[in-house]
Amino acid sequence: MTEYGRSPGSEPWHPGDPLYGDQGWEGQQQQYPHPQQPSQYGHGGQGYEDPYGQGGHGTQGGQGYEGDPYQQQHAQQYEQQPQGYVDPQYQQQAQAHQYQQSYEQQQYGTGYQGGYDTPGHLGQQYDGNWETGQAAMAYGTPPADPYGGQNPDLYGTPEAYPPPQPPGHRQNPPEPVIDWAPEEERHPEPEPEQEEEKHPFFTGEDDPDDDYDDPAPGRGSRGGDRERRNKAKKRNGKNGVACLVVALVLAGGVGGVGYFGYQFWQGQFGEAPDYAGSGSGDVQVEIPRGALGYDIGNILKKAGVVKSVDAFVAAQSKNPKGRTIQAGVYTLKKEMSAESAVSLMLDPVSQANFVIPEGRRNTWVYDTLDKRLDLKPGTTKEIARAKAGSLGLPDWAKNHADVKDPLEGFLFPASYPVAKNSKPEDALRKMVSRANQEYAKLDLEAKAQELGVKSPWELVTVASLVQAEGKTHDDFRKMSEVVYNRLKPDNRETYQLLQFDSTLNYLKGQSEIKISEKETRTNTDPYNTYKYKGLPPGPIGNPGNEALAAMLSPTSDGWIYFVATDGMNKTEFAKTHADFLKLKDKFNASTNQ
């Protein structure tokens, strides 16, 4: 029975068990003699007999079990113990112990030399805790060699189990060998720690390079002291520079936070900087089309009118009409309060835009620009003639014969920002650009074919005639029909002659109502529509939006004649020559002719 099958108690299951009373390794140690003590059994003592008969027969002369290598090794171990001086005291104890064993054998009749052990007495002389489960051999008896004198090492081969060890020296069984490697648990790789700054400038330590510049002086030399003082000063200097840099950075950060914080507070809760009063002096500012509150405020601030953009925007928001400020040129004062600037811009007196009325000829535009810009009379007209090709005219408006002014019809009637310091060509370029935008909206090239004319140039010419002869919106559409009916090849009333007084007035640079018949017959200029069929060489003025719309949408009532019966504002139309004569008599009566 091995110790692995035993209970953890001190006694086995039944007294009849040969292992009953086995005290384990410690109990056996009590009966083993000290190495310096003599063996109480001697070399010729009687051996132990197998109580279970496993050995086949008992042995004499100290021989134990045959073929048990464990017992042989154990016996050899104790056989090598030195035999020294025998103390009489120990000898007496051994004899008494033998007597006690003999008495117990006789009492219980076990027949065994060792018998069963009782509490307080050692019995069997074998190790019950060893794994073999076999009785130990008696001490001092030479074991029999079952291999004929050869003692093989049964634990020396790689396949053998390790030899048994005493209980106190036993080790834990080896861990089982795992022939498969479990999959390692994946863990996120730790981020590399930021390397600490080790430069002497930040740590305050000496520069390592400084330690190798000069050889170390001798002990106690003045040079060494001086060098140490120099290094201390250098280290203190570096520390001071580092502290100064840190202080400057902190001061700059605090200052920046304070500045931006103040700006934020001022912008959110403080009043915007502003002038007081209505200002002094005159200054003209030009506000472009599409400019909003902040755009206008920036222009006024650059011109010195207001002190801040926010002040102007706030004043514009407070004024109920502040959002109605239009593009144009305004004459304002310098260093005005924002409220005063808004009020003055809403007053027509301050508006200094250059306005071209509908139907004005280019000569009027040139003369007015000269006065506006304080230029010599005729300056703008000369520039217009010289730079007409570079002011932005479309291709269909160029290279027409007998044209008096190539820009006629392209100085579109509108309001233009023209400051006193502007150049004439800049103002003219703005007007031509506006005309191009308006004509592009009408798609004149496609409309020309629908209306029976050759090009957009002729449409603009028709619109200029409608603008010059018409008085009202209703007149414009009827007048447009008169022009197209007279241009028809099958016209049997005027035979394609327009016979418009406005063309002769344009030629002469005047605006007369009454043109003499003699002049209409004798003037040979191509603009004399009494003499030349068809349209004049080019427009005779700058038509506005209403005239342009009427030119594209004439009536279809059959009108071919018209007369300004009151000589000024009333125009009447006729379909036949007889009706025309009646209107003519009416005109003569109203004008006392």
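This text follows the structure it describes.
> Help me understand the packing of helix α14 (residues 473-486) against helix α17 (residues 545-552) in this model?
For any two helices packed against each other, the geometry is given by the interaxial angle and the distance between the axes. In the contact formed by α14 and α17, the axes pass within 8 Å of each other and the chain directions differ by 45 degrees. As judged from the angle between their axes, α14 and α17 are oblique. Like other packed secondary-structure pairs, α14 and α17 cross with a definite hand, here right-handed. Where α14 abuts α17, its residues His 473, Phe 476, Arg 477, Ser 480 and Tyr 484 lie against Glu 546, Ala 547, Ala 550 and Met 551. In terms of residue class, the contact of α14 with α17 is built from five nonpolar, two polar and two charged.

> Hey, could you run me through the pattern of salt bridges in this one?
Close approach of charged atoms allows side chains of opposite charge to pair. Summed over all chains, the structure comprises 12 salt bridges. Here Asp 282 and Lys 333 are joined by a salt bridge, their closest N and O atoms 2.8 Å apart. Residue Asp 282 is located in strand β1 (residues 280-287), and its partner Lys 333 is located in strand β2 (residues 328-334); the two are separated by 51 residues in the primary sequence. Since its relative accessible area comes to 56%, Asp 282 is described here as exposed. The exposure class assigned to Lys 333 is partly exposed, which follows from its relative accessible area of 31%. The salt bridge partner of Glu 425 is Lys 387, with a shortest N-O separation of 3.6 Å. Taken as a pair, Glu 425 in helix α11 (residues 424-442) and Lys 387 in the loop between α10 (379-386) and β4 (415-416) lie far apart in primary sequence, 38 residues in all. Accessibility expressed as a relative area gives 14% for Glu 425, which makes it buried.

> I keep staring at α14 and nothing clicks. Help me out?
Because each turn of an α-helix spans 3.6 residues, side chains separated by three or four positions end up pointing in the same direction. The terminal C-alpha atoms of α14 lie 21 Å apart, and with 14 residues this matches the ideal 20 Å at 1.5 Å per residue to within 8%. The buried count for α14 comes to 10 of 14 residues, which makes it a mostly enclosed element. Where α14 is concerned, the buried positions are Asp 475, Phe 476, Met 479, Ser 480, Glu 481, Val 482, Val 483, Tyr 484, Asn 485 and Arg 486. Buried residues along α14 sit in contact with α13 (456-469), α17, β5 (561-563) and β6 (572-574).

> How should I be thinking about the packing of helix α9 (residues 362-372) against α11 in this particular structure?
Interhelical geometry of α9 versus α11 gives an angle of 140 degrees and a closest axis separation of 11 Å. Classified by the angle between their axes, α9 and α11 sit oblique to one another. When you trace α9 past α11, the crossing you get is right-handed. On α11, the residues touching Val 365, Tyr 366 and Leu 369 of α9 are Ala 427, Leu 428 and Met 431. Counted by class, the contact of α9 with α11 contains six nonpolar, no polar and no charged residues.

> Where do I start with unusual backbone geometry in this structure?
What you tend to see is this: most non-glycine residues have negative phi, and most peptide bonds are trans. A positive phi angle, close to 55 degrees, is found at Glu 335, a residue other than glycine. Take Glu 335: it is sitting in the loop between β2 and α8 (338-345). A positive phi angle is found at Gln 496, which is not glycine, with a value near 70 degrees. In this fold, Gln 496 is placed in the loop between α14 and α15 (501-508).

Definitions and cut-offs
Residues numbered from 1 in each chain as written. Predicted model: local features only at pLDDT ≥ 70, side-chain atom pairs only at ≥ 80, totals over all residues. Heavy atoms only, no water. Axes fitted to C-alpha atoms, helices over the stretch in contact; angles between N-to-C directions. Helix = DSSP H or I, 4+ residues; strand = E, 2+ residues; numbered from the N terminus. Parallel < 35°, antiparallel > 145°, perpendicular 65-115°, else oblique. Left-handed = near helix turned anticlockwise from the far one by under 90°. Contact = heavy atoms within 4.5 Å. Nonpolar A, V, L, I, M, F, W, Y, C, P; charged D, E, K, R; others polar. Salt bridge = Lys/Arg side-chain N within 4 Å of Asp/Glu carboxyl O. Buried < 20%, exposed > 50% of the residue type's maximum accessible area, 1.4 Å probe, protein only. Expected span 1.5 Å × (residues − 1).

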